[in-house]
Every structure is written in structure tokens, then in C-alpha cells.
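# Observations on the model geometry
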Amino acid sequence: MNTWHNKKLKDIVTFVSGNTPDTKNEAFWNGKIPWVSAKDLKQFHIKSSIDSLSEQGKQVASLVPANTILILVRGMMLHRDFPVCISSTELAINQDLKGLIPKEAVDPLYLAYALKKDKKTILDHVESSGHGTGKLDTSFLKELKISYPNIQLQEEITSILSVWASFIEKVEKLITEKVKQKDWIVSHILKAHQYEWKSVNLGELFSIISDKNHPIEQLLSVTQNHGVIPRTELSGRVMSPEGEVNAYKLITPGDFAVSLRSFQGGLEYSKYRGIISPAYTVLRPKANIDSLYFKYFFKSRIFIDKYLSLAVIGIRDGKQISIPDLMLTRIPLPPIVKQKKYGEILSTANREIDILNQHLIRLNAEKSFLMNKLLSGEWEPPELEKEASL
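This one's a predicted model, so the numbers in the text were calculated from it and none came from an experiment. (Residues numbered from 1 in each chain as written. Predicted model: local features only at pLDDT ≥ 70, side-chain atom pairs only at ≥ 80, totals over all residues. Heavy atoms only, no water.)

### Some remarks on the pattern of salt bridges
Spelled out, the test is: Think of a salt bridge as a Lys or Arg side-chain nitrogen and an Asp or Glu carboxyl oxygen that are within 4 Å of each other. Only DSSP runs of H or I covering at least 4 residues are called helices, and only runs of E covering at least 2 are called strands; the numbering of each starts at the N terminus.
Inspection of the entire model under this criterion finds 17 salt bridges. Notably, a salt bridge pairs Glu 143 with Lys 8, separated by 2.8 Å at the nearest N-O pair. Taken together, the positions of Glu 143 in helix H5 (residues 138-143) and Lys 8 in strand E1 (residues 5-8) put the pair 135 residues apart, joining distant regions of the chain. Shared partners join several salt bridges into a network, and the residues in it are Lys 8, Lys 10 and Glu 143.

### Here's the deal with the confidence of the model for the protein
Selection rule: Predictor confidence is given residue by residue as pLDDT, running from a minimum of 0 to a maximum of 100. A contact between two residues is defined here by any heavy atoms of the two lying within 4.5 Å.
Averaged over every residue, the pLDDT of the protein is 89; residues scoring 70 or more account for 94%. Across the protein, the secondary-structure element scoring lowest on mean pLDDT is helix H12 (residues 382-389), at 46, and the one scoring highest is strand E7 (residues 69-72), at 96. Within the model, pLDDT remains below 50 along residues 384-390, and this stretch shows 7 contacts once partners closer than five positions in the same chain are excluded.

### Some words on the packing of helix H3 (residues 108-117) against helix H11 (residues 336-375)
Quick reminder of the rule: Each axis is a line fitted through C-alpha atoms, taken for helices only over the stretch in contact, and angles between the N-to-C directions span 0 to 180 degrees. Just so you know how the angles are binned, under 35 degrees is roughly parallel, over 145 roughly antiparallel, 65 to 115 roughly perpendicular, and the rest oblique. Here a crossing is taken to be left-handed if its near helix is turned anticlockwise relative to the far helix by less than a right angle, and right-handed if that turn runs clockwise. Any residue that is not Ala, Val, Leu, Ile, Met, Phe, Trp, Tyr, Cys, Pro, Asp, Glu, Lys or Arg is counted as polar, Gly included; the first ten are nonpolar and the last four charged.
The geometry of H3 relative to H11 is characterised by a closest axis approach of 10 Å and an angle of 115° between their N-to-C directions. Relative to H11, the element H3 is oriented roughly perpendicular. Seen from above, H3 lies across H11 with left-handed handedness. Between H3 and H11, the contacting residues are Tyr 110, Tyr 113, Ala 114, Lys 116 and Lys 117 on the first element and Lys 367, Met 371, Asn 372 and Leu 375 on the second. Of the residues assigned to the contact of H3 with H11, the class counts are 5 nonpolar, 1 polar and 3 charged.

### Remarks on the sheet that holds strand E12 (residues 127-128)
The strands that make up a sheet pair up through hydrogen bonds in the backbone, lying either parallel or antiparallel. The condition that has to hold: For two strands to count as paired, DSSP must find a minimum of two bridges between them.
Reading across the sheet, the 3 strands line up as E8-E13-E12 and stay open at both edges, with antiparallel pairing between neighbours. Sheet topology places strand E8 (74-75) and E12 at the edges, where each strand pairs with a single neighbour. Where E12 lies against strand E13 (residues 134-135), 2 bridges are found, and the strand directions are antiparallel. What sits directly across from Glu 127, in E13, is Lys 135.

### A closer look at the nonpolar core
Rules: Nonpolar cores were defined as sets of buried Ala, Val, Leu, Ile, Met, Phe, Trp, Tyr and Cys residues, with membership established by side-chain atoms within 4.5 Å. Relative accessibility under 20% of the residue-type maximum defines a buried residue, over 50% an exposed one, and the middle range a partly exposed one, all with a 1.4 Å probe and only protein chains included.
Ranked by size, the top nonpolar core spans 47 residues in total, and within it Ile 69, Ile 71, Phe 82, Leu 111, Leu 115 and Leu 136 carry the most contacts. Broken down by element, this core gets its largest block of residues, 7 residues, from H3. Formed by 35 residues, the second largest nonpolar core is a distinct cluster that contains Phe 206, Val 258, Tyr 296 and Ile 321.

### Some remarks on helix H6 (residues 151-193)
Rule in force here: Helix span, as expected, comes to 1.5 Å for every residue beyond the first. Side-chain atoms alone can form a polar contact between residues adjacent in sequence; in general such a contact is a pair of N or O atoms within 3.5 Å, and within protein one must be able to donate a hydrogen while the other accepts it.
Helix length check: H6, at 43 residues, gives a terminal C-alpha distance of 62 Å against a target of 63 Å (1.5 Å per residue), a fit within 8%. If you check the start of H6, you find a side-chain oxygen 3.1 Å away from the backbone N of Gln 152, and it comes from Asn 150.

### As for H3
The buried fraction of H3 is high, at 8 of 10 residues. Within H3, the full set of buried residues consists of Pro 108, Leu 109, Tyr 110, Leu 111, Ala 112, Tyr 113, Ala 114 and Leu 115. Two or three places before Leu 109, at the opening of H3, Asp 107 has a side-chain oxygen 3.2 Å from that residue's backbone nitrogen.

### A closer look at the packing of aromatic side chains
Note the threshold: Any pair of Phe, Tyr and Trp rings, taking the six-membered ring for Trp, is counted once the centres come within 6.5 Å. Such a pair is stacked with planes under 30 degrees apart, edge-to-face with planes over 60 apart, and tilted for the rest.
Following the criterion strictly, the structure yields 18 aromatic pairs and no others. An aromatic cluster is present here, built from Trp 197, Phe 206, Phe 256, Tyr 269, Tyr 293, Phe 294, Phe 297, Phe 298, Phe 303, Tyr 307 and Tyr 342 joined pairwise through their rings.

### A closer look at the pairing of strand E17 (residues 220-223)
Side-chain alternation along E17 places Leu 220 and Val 222 on one buried face and Ser 221 and Thr 223 on a second face that is also buried. Taken together, E17 and the strand that follows it, strand E18 (residues 227-230), pair antiparallel across an intervening segment of 3 residues.

### Examining the side chain of Thr 133
By the secondary structure assignment, Thr 133 is in the loop between E12 and E13. Among the residues examined, Thr 133 registers a relative accessible area of 11% and is labelled buried. Look past the residues within four positions of Thr 133 in its chain and what remains in contact with it is Arg 74, Gly 75, Met 76, His 79, Glu 127 and Ser 128.

### Focus: the environment of Asn 25
When you line up the elements, Asn 25 lands in the loop between strand E2 (13-17) and strand E3 (29-36). Relative accessible area serves as the criterion here: at 26%, Asn 25 is assigned to the partly exposed category. A polar contact of 3.0 Å, which involves the side chain of Asn 25, links it to the backbone nitrogen of Ala 27.

### As for the environment of Glu 380
Looking at the secondary structure, you find Glu 380 in the loop between H11 and H12. Distance from Glu 380 to Asn 2, taken between C-alpha atoms, is 9.3 Å for residues 378 residues apart in sequence.

### A word on unusual backbone geometry
Positioned with a positive phi, Asn 67 is a non-glycine residue whose angle comes to about 70°. In this structure, Asn 67 sits in the loop between strand E6 (63-64) and E7.

### Looking at the sheet that holds strand E5 (residues 51-53)
Strand order across the open sheet formed by 4 strands is E5-E3-E10-E6, with mixed pairing between neighbours. The strands lining the two open edges of the sheet, one partner per strand, are E5 and E6. For E3 and strand E10 (residues 91-93), the ladder comprises 2 bridges, and the chain directions are parallel. Opposite Val 36, over in E10, you have Ile 93 as the bridge partner.

See the structure below:
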């Protein structure tokens, strides 16, 4: 029988707070020392970052060694997710992160999985600290109870979960390649034929619609990954609108939603009828076009980088889409027969991606189920279970 311990997080790790060296001192930056912030928390194992420090910057940074668990304690992301990562090398972290350095009795990988298992509980304790920023109180984290067995069983458990993680990572990479392939198709079509087609202003093809006072219509959300979808399909924590929704705008199948920050991910297609936040602009086709073709064209890198970029105003964090400029943006217009043909080709490519995404959802659900069983002690790895009975 394996003995399990149940201890507070503060008793099994050392907490390290992050910081930001002076950004005005160029001597501190653009070196070889990773400086990790929220935007880098996309991979489980982190060995590099978007921003980096010099050796001089390292001297005033908050450093953590390899095999430190990195968690986000402040940021908008916390309203929907709680990223948990592990450093693969010595690196620096900013003030929105905490580094957790495990003590001898706890395997870093095991602790990272244990925190992932408790994600829902942790997210329930996220507070708002203004401007939509989420915050996790360190005192809550320190009191969080972690269950763990002896180090041998910890390693057996993480070995099993790592196999699943590796398989999931391969599926994620395949999806990324499929998305790139779909984007290449759009780019190839335009590069091969754009000079044969006439160019038109976006305003010649779409009208700006501001149809309000539809409070009984279903609430829809505009997302960069899934387009316009029912709010009930959103995963994680969903902020409900306060007060009446009479100012919300009606959007119908075949329409597109534009946000001020559409320069990041393009225009979003809706196959649903419902209402969306008044912060979005609704575009409705007014010409004989194939919405399916434009669904993929408006999400392609060539549209975002070459055409949509012409409607961007402001710099850095102040960048946004200018709707008047967007409507004057000239884009190549394939003949309607070609639009329908390309729309079908791109739709087929998208179905392949959807199938892979559904597979990924199932794999993550199965991994989560297995994680809960193994990390609670309800199940034990087969070999150790056998040994324990001898």
C-alpha cells in the first residue's frame, strides 16, 4: 500500500516573484536570457521566450532554475484559463508570474500535473483587479492542498501522463500544419490569379448593419478561433452582459463581425442568427458573392497582412481597425463561379481540421480523466499496483 501525503503548497515549494528590469535601459535587453511573460505560456516546457535579457539585465532580473513550475497570477487570461508550465532552463520571469521551486520530496513534473488537475478550483478563486484583469491571491495558492505519493510512484504517474501529452502535442502540430496548408491555398489562389480579377472596395460588397432592439434573440460571442458562436458553446468562465441588451446588434447567417482588434485574426463569419456586443461592426453582403469563400479569405494571412493592415490605425497597444478605412480597402474579387469553387476546396480543408480538433478534444478529455484518477490515488500504475499487492 502506497502512502499519500496531503500538504499545503507553501510547505512543498518555494515561491519566487517575478519582475521587469527597466525597459528604458537598452543594455538590459535583447540578449540570450529568456524573460518569460504571459504571452510565452503556450508550451508546457519552456526554454525560450519572445523577449530576452542581456547578461546585464540578468543581474537585476528575477531568475528561476530549470524544473521550476511557472504559473500565471495576474492577467486577462485568468478569466478563462490557468496556464501551468515548466522551465527547461534557467530563465527570468515577469511580475505577472510566480515560480514554484519544488522541494526534494516532490517531482516538478508531478506537481505541474497536480496543479493542472486543480485548474477549475483555482479559477474559481480568480478575482478582478480592474480593466478585466484577473488576479490570483498568493495567500490562497500557498494554502492550496496537494496530494502526492512517494517519489517512485510520482515518476510512474508522470511517465504515463507524459506519453499522453506527447501524443496530444503531435496532433496539435498536425492541426497547425493543416491550418498553414489551408492558408497556403488562399495565398496560392490570389498570387496566381489576382491580376486577372478586378479590384473592388470592400464597401461595394458589404453594408454596415446596426440592427438593434432584439432582446429575445440568442446571445452570440465573437471568437478568433471559432468565428461567431452561441455564448453557451464557450468553454471556461463566461462574463454575462450587465443590464439590458437592446443595444446589442443583430447578426445573421452569412454576415461578418469586425472588432477594433480584427487586425490580429481577421474578420469573423457567422452561421448563426443572434445578437452580439455593440463593440463589433456587422458587415452584411449586398452583392452576389459566396460567403463561404470570404469566410476563409477574411481569415487568411494574406488578407490580414496585405489588405486588412491598410485599415489599421495607431501603434503598439493602441492599434485598432478603422471601419471607414476598411470599407475603402480594395481587394481582388474572383468571378462568382471561382468563389464557389474555392469556397468548396477551402471548406474541405477546414473539415479535415475540424475532425482533428474534435479528436484533440477527446484526447484531452481522456487525459484529464486519467489525470484525475492517477493524481488522486484512486488508480495506480499497473506495475506498482502489482508490486503493492505482493
